[in-house]
Amino acid sequence: MDVKTVEFCGELQGETDACWFVYDGESTVSIPKSQVKELRVLENRVDCIMRIPHWLARDRGILP
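Criteria and cut-off values
Residue positions are given per chain, counted from 1 along the sequence in the order it is written. Two thresholds apply to this predicted model, a pLDDT of at least 70 for residue-level local features and 80 or more for giving and counting side-chain atom pairs, whereas whole-chain, interface and lining totals are computed over all residues. Side-chain metrics rest on all non-hydrogen atoms present in the structure, leaving aside hydrogens and water. For two strands to be treated as a pair, DSSP must find no fewer than two bridges joining them. Secondary structure follows DSSP: runs of H or I at least 4 residues long count as helices, runs of E at least 2 residues long count as strands, and numbering of each begins at the N terminus. Just to be clear on terms, a salt bridge is a Lys or Arg side-chain nitrogen sitting within 4 Å of an Asp or Glu carboxyl oxygen. Throughout, exposure labels follow a simple rule: accessible area from a 1.4 Å probe, protein chains only, divided by the maximum for the residue type, with under 20% read as buried, over 50% as exposed, and the rest as partly exposed. To define axes, lines are fitted to C-alpha atoms, for helices over the stretch in contact only, and angles between the resulting N-to-C directions are given on a 0 to 180 degree scale. Here, nonpolar core means buried Ala, Val, Leu, Ile, Met, Phe, Trp, Tyr and Cys residues that are tied together by side-chain atoms lying within 4.5 Å of each other. Throughout, a residue-residue contact means that at least one pair of heavy atoms, one from each residue, lies within 4.5 Å. Two cysteine sulfurs form what is called a disulfide whenever their separation falls within 2.5 Å.

A. Structural view of the pairing of strand 3 (residues 28-32). In this sheet, strand 3 lies alongside strand 2 (residues 19-23) in antiparallel orientation, the contact comprising 5 bridges. When the bridges of strand 3 are listed, Val22 appears paired with Val29. Adjacent in sequence and paired antiparallel, strand 2 and strand 3 are bridged by 4 residues, among which Gly25 carries a positive phi angle near 105°.

Written as structure tokens, this is what we have:
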């Protein structure tokens, strides 16, 4: 079964062994590293583009 994913941009604000903390323009959300399908950190090393499961984006309030 292929999980639907979404891509979003944010500002990396920190991390632990288990998750990244990403500011999405409204609030800082925790994204479990195990759920990130793709991570691209931009040249400034702060902004990133993540691909995560659709259900997680909804759960974290990234999607309505």
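That shown, we press on.
B. Main features of the pattern of salt bridges. Scanning the model with the defined rule gives 6 salt bridges in all. Linking Glu38 and Arg40 is a salt bridge whose minimum nitrogen-to-oxygen distance equals 2.8 Å. A residue is classified by how much of its surface remains accessible, and Arg40, at 33% relative accessible area, is partly exposed. For Arg51, the salt bridge is made with Glu38, and the minimal N-O distance between the two is 4.0 Å. Of this pair, Arg51 sits in strand 5 (residues 47-53) while Glu38 sits in strand 4 (residues 38-41), and the two are 13 residues apart along the sequence.

C. Geometry of the sheet that holds strand 5. The 5 strands are arranged 3-2-1-5-4 in an open sheet whose pairing can be described as antiparallel. Only two strands of the sheet have a single partner each, and these edge strands are strand 3 and strand 4. Averaged over all adjacent pairs, the angle separating strand axes in this sheet is 40°, with direction ignored.

D. View of unusual backbone geometry. Positive phi, normally seen in glycine, also occurs at Arg45, with a value near 65°. Structurally, the position occupied by Arg45 is in the loop between strand 4 and strand 5. Residue classification places Arg45 among the exposed residues on the basis of a relative accessible area of 72%.

E. Local environment of the nonpolar core. In terms of nonpolar packing, the biggest core is built from 12 residues, these being Val6, Phe8, Trp20, Val22, Val29, Ile31, Val36, Cys48, Met50, Ile52, Leu56 and Ala57. Of all the secondary structure elements, the ones that give two or more residues to this core are strand 1 (5-15), strand 2, strand 3, strand 5 and helix 1 (54-59). Sequence-distant contacts of Ala57, that is, excluding residues within four places in its chain, are made with Val6, Ile52, Ile62 and Leu63.

F. The arrangement of the state of the cysteines in detail. Following the criterion strictly, the structure yields 0 disulfides and no others. We note that Cys19 lacks a disulfide partner, and the nearest cysteine sulfur, in Cys48, lies 13 Å from it. Given a relative accessible area of 14%, Cys19 falls into the buried group. Free of any disulfide, Cys48 has its nearest neighbouring cysteine sulfur in Cys9, separated by 7.7 Å.

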